[in-house]
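An overview of the molecular structure
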Amino acid sequence: MKEKTFREVIAEAMSEEMRKDHTVYLMGEEVAQYNGAYKASKGMLDEFGPERIIDTPISELGFSGIGIGSAMNGCRPIVEFMTFNFSLVAMDQIVNNASKIRYMSGGQWNIPIVFRGPTGSAGQLGATHSQSFESWYASCPGLKVIIPCNPYDAKGLLKSAIRDNNPVIFMESEQMYGDKMMIPEKEYIIPIGKADIKKRGNDISLVSFGKIMKIALKIAKKLEDEENISVEVIDIRTLRPLDYESILISVKKTNRLVILEESWPFSSIASEISYVIQKKAFDYLDAPINRITLLDTPAPYAQNLIKHWYPNEEKVISAIKETLYLI
């Protein structure tokens, strides 16, 4: 075991897969000479050269299309977006081509491509650079969507994504690249589509994903230590395919569910989970499902407004206690 940062394991996962398979390559803005905008491809140009670590112009639509075309012709590209806010420029390629070519060709073409980069709020970056589009992509058949919450999961899931024969949206966070964790020296992968119970509990189920899992775990420990409230914390990790079964099993045990999400409330992942749980486990629920999301506005810039807009400890504790009928 060795302690490594989130950015280090991203580079490590890509490098390990590139050493095994010469058809894997990385392309994106500043991934080569600059070692990545967030240094998540550090050292890869030196090892693999400019034919496999490719700096692109500022042209998300263009290089996403090139990646999709090369995936149709036997390559396994990794396309990095400096931020998923910029992926909107390439959405025609991702949604109308990558996600549908296998279906429309009757299975004649696989599209083994990974689109990766940071998502969500990273502080005072303004409304157009602080958005979470995972529910947009997860609503599109043909795409797989992954958002890990720690370095260990990130490495195992990224390796699985690179090996997958379908297009995968792999979302990270600028605020997680420095996070550290003990990582096995031995190779491992984590299967796509399997949630992880980060903390066992009996009183209430708290479901979340991505960097906001830090708040979920912190609150769960605080409530258990200070108020003897036992919170089961589930990290869904893969938004599509979504592991409904793990959530159902948990809710049937705790009889209560709170969903914490770093996205807008309307048409969110929380909306989908809520529907399925009430459909399949209605008789097990002892209280209405509760959720905590961003406020339904674009991201503010002022720090005091961000604190109000973004899910925080106070909002999560309040939602949990409300669902437990303690307030």
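Before any of the text, the structure's been laid out above.
What counts, and where the lines are drawn
Residues numbered from 1 in each chain as written. Predicted model: local features only at pLDDT ≥ 70, side-chain atom pairs only at ≥ 80, totals over all residues. Heavy atoms only, no water. Helix = DSSP H or I, 4+ residues; strand = E, 2+ residues; numbered from the N terminus. Expected span 1.5 Å × (residues − 1). Buried < 20%, exposed > 50% of the residue type's maximum accessible area, 1.4 Å probe, protein only. Contact = heavy atoms within 4.5 Å. Polar contact = N/O pair within 3.5 Å; in protein donor to acceptor, adjacent residues only side chain to side chain. Pairing = 2+ DSSP bridges. Axes fitted to C-alpha atoms, helices over the stretch in contact; angles between N-to-C directions. Phe/Tyr/Trp six-rings, centres within 6.5 Å; stacked < 30°, edge-to-face > 60°. Parallel < 35°, antiparallel > 145°, perpendicular 65-115°, else oblique. Left-handed = near helix turned anticlockwise from the far one by under 90°. Nonpolar A, V, L, I, M, F, W, Y, C, P; charged D, E, K, R; others polar. 1 Å grid on protein atoms, 1.4 Å probe; cavity = no way out; pocket = protein on both sides within 12 Å on 5 of 7 lines; lining within 4 Å. Points joined across faces, edges and corners; volume = space filled by probe spheres on them. Salt bridge = Lys/Arg side-chain N within 4 Å of Asp/Glu carboxyl O.

Once that is clear, we can look at helix α7 (residues 151–163). Each α-helix winds once per 3.6 residues, and so residues spaced three or four apart point in a common direction. Here α7 spans 19 Å end to end across 13 residues, near enough to the 18 Å set by a 1.5 Å rise per residue. With eleven of 13 residues buried, α7 lies mostly within the body of the structure. Within α7 the residues assigned to the buried category are Pro151, Asp153, Ala154, Lys155, Gly156, Leu157, Leu158, Lys159, Ser160, Ala161 and Ile162.

Quick look at the environment of Ser132 now. With respect to the helices, strands and loops of the structure, Ser132 is situated in the loop between β5 (114–118) and α6 (134–138). In sequence terms Ser132 and Lys253 are 121 residues apart; their C-alpha atoms lie 31 Å from each other. Once residues lying within four places of it in the same chain are set aside, the contact partners of Ser132 are Thr119, Gly120, Glu262 and Ser263. Side-chain polar atoms of Ser132 contact the backbone oxygen of Glu262, separated by 2.6 Å.

As a further point, take the sheet that holds strand β3 (residues 53–55). In spatial order, the strands read β3-β2-β4-β5-β7-β6-β12; together these seven strands make up an open sheet with mixed pairing. For this open sheet the edge positions go to β3 and β12 (238–240), each flanked by a neighbour on one side alone. Going from strand to strand, the sheet's axes swing by 20 degrees on average, the running direction of each strand aside. When strand β2 (residues 24–28) meets β3, the two strands line up parallel, connected through three bridges. Across the sheet, residue Leu26 finds its bridge partner in β3, namely Ile53. Of the strands in this sheet, β2, β3, β4 (76–80), β5 and β7 (168–172) are in contact with helix α1 (residues 6–20), which crosses β2 at around 135 degrees.

Here we come to the packing of aromatic side chains. Each aromatic ring pair is summarised here by two numbers: the centre-to-centre distance and the angle between the ring planes. By the definition in use, this model includes ten aromatic pairs. When the ring of Phe133 is compared with that of Trp136, the centres are 4.4 Å apart and the planes differ by 50 degrees; the resulting orientation is tilted. Accessibility expressed as a relative area gives 1% for Phe133, which makes it buried. A ring pair is formed by Phe133 and Trp264, whose centres lie 6.4 Å apart and whose planes are at 65 degrees; its orientation type is edge-to-face. Taken together, the residues Phe133 in the loop between β5 and α6 and Trp264 in the loop between β13 (257–260) and α10 (269–281) connect sequence positions 131 residues apart.

In this section: the packing of helix α8 (residues 213–227) against helix α12 (residues 313–323). Put simply, α8 and α12 touch, their axes get as near as 10 Å, and they point 60 degrees apart. Overall, the two elements α8 and α12 adopt an arrangement that is oblique. In terms of crossing hand, the pair formed by α8 and α12 is right-handed. Every residue of α12 that contacts α8 at Ile215, Lys218, Ile219, Lys222, Leu223 and Glu227 is listed here: Glu313, Val316, Ile317, Ile320 and Lys321. Its residues placed into classes, the contact of α8 with α12 shows six nonpolar, no polar and five charged.

Taken as a whole, the largest pocket encloses approximately 190 Å³ of empty space. Around the largest pocket, the lining residues are Ser135, Trp136, Ala138, Ser139, Leu239, Arg240, Leu242, Tyr244, Ser267, Ser268, Ile269 and Glu272. Elements that contribute at least two residues to the lining of the largest pocket include exactly α6, β12 and α10. Among the elements that line the lining of the largest pocket, the one with the most residues is α6, at three residues. Looking at the lining of the largest pocket, its residues break down into six nonpolar, four polar and two charged. In this structure, the second largest pocket encloses a volume near 160 Å³. Taken together, Ser121, Gly123, Gln175, Lys211, Ile212, Lys214, Ile215, Ile306 and Tyr310 make up the lining of the second largest pocket. For the lining of the second largest pocket, a count of residues per class yields four nonpolar, three polar and two charged.

Take the environment of Leu143 next. In this structure, Leu143 sits in the loop between α6 and β6 (144–146). The residues contacting Leu143, other than those within four sequence positions of it, are Ile94, Ser99, Tyr137, Pro167, Ile169 and Arg240.

Below, the discussion takes up the pattern of salt bridges. Applying the stated rule across the entire model yields 26 salt bridges. The closest approach of N and O atoms between Lys4 and Glu185, which form a salt bridge, is 3.7 Å. Taken together, the residues Lys4 in strand β1 (residues 2–5) and Glu185 in the loop between β8 (180–183) and β9 (196–199) connect sequence positions 181 residues apart. The exposure class of Glu185 is exposed, given its relative accessible area of 54%. The closest approach of N and O atoms between Lys198 and Asp235, which form a salt bridge, is 3.1 Å. Of the two residues, Lys198 is situated in strand β9 and Asp235 in strand β11 (residues 231–235); the sequence distance between them amounts to 37 residues. Bridged by salt links that share partners, the residues Lys4, Glu12, Glu16, Glu17, Lys20, Lys155, Lys159, Arg163, Glu185 and Glu187 form one connected network.

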